[in-house]
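Listed below, chain by chain, are the residues.
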Amino acid sequence: MPRSAKITSGEQTAAIASPWSEPGTSGSLGSILENSLNEIYIFSADTLQFKFVNRGARNNIGYSMTKLSQLTPVDIKPQIDRPKFFELICLLYTSDAAD
């Protein structure tokens, strides 16, 4: 069963997703995500590597999806180190996150 969650901070949203069909590959959901006016970041719950970053976010941070697929949120937000990032998202990994 796929697990997913999102983190929202201001106008930026980051999502944690288990493996599933890549948004943007086909279908209306991919198109909606790609063309959203909000910045959308989806990354692996296991590796934290980006799986999808929509056009608005890519344009804002100046990286291609090819480059972003090699990066994690910590790489593009250097003021938050890896331990702090895990502290911020740790509840998403527990059953308490649904409460």
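The structure this text deals with has already been given above.
Small disclaimer: the values here were computed from a predicted structure and weren't measured. Each chain has its residues counted from 1, running along the sequence as written. Under the rules for a predicted model, residues below a pLDDT of 70 receive no local features and side-chain atom pairs below 80 are neither given nor counted, while totals for whole chains, interfaces and linings still include all residues. Only hydrogens and water are set aside when side-chain values are computed; all heavy atoms of the structure are taken into account.

1. With respect to the overall build of the chain
Next up, step 1: Scanning the chain from N- to C-terminus turns up five helices and four strands.
Next up, step 2: Secondary structure counts use DSSP, requiring at least four H or I residues in a row for a helix and at least two E residues in a row for a strand, with both numbered from the N terminus. Going from N to C terminus, the chain has its helices and strands arranged as β-β-α-β-β-α-α-α-α.
Next up, step 3: Exposed residues in this analysis have more than 50% of their type's maximum accessible area, buried residues have under 20%, and partly exposed residues fall in between, with area computed by a 1.4 Å probe over protein chains only. Among the 99 residues that make up the chain, the fraction classed as buried is 31%.
Next up, step 4: We call two residues in contact whenever any of their non-hydrogen atoms come within 4.5 Å of each other. Expressed as a percentage of contacts within the chain between residues at least 6 apart in sequence, the contacts between residues at least 24 apart total 35%.
Next up, step 5: Accessible surface, the chain: about 6500 Å² in total, of which carbon and sulfur atoms supply 53%. We get accessible surface area from the Shrake-Rupley algorithm with a probe of 1.4 Å; when it comes to residues, only the shown protein chains can shield them.

2. Description of the environment of Ala57
Next up, step 1: Considering the arrangement of structural elements, one finds Ala57 in helix α2 (residues 55-61).
Next up, step 2: It is 4.5 Å that separates the C-alpha atoms of Ala57 and Glu39, two residues lying 18 residues apart in sequence.
Next up, step 3: Those residues in contact with Ala57 that lie beyond four places of it in its chain are Glu39, Ile40 and Tyr41.

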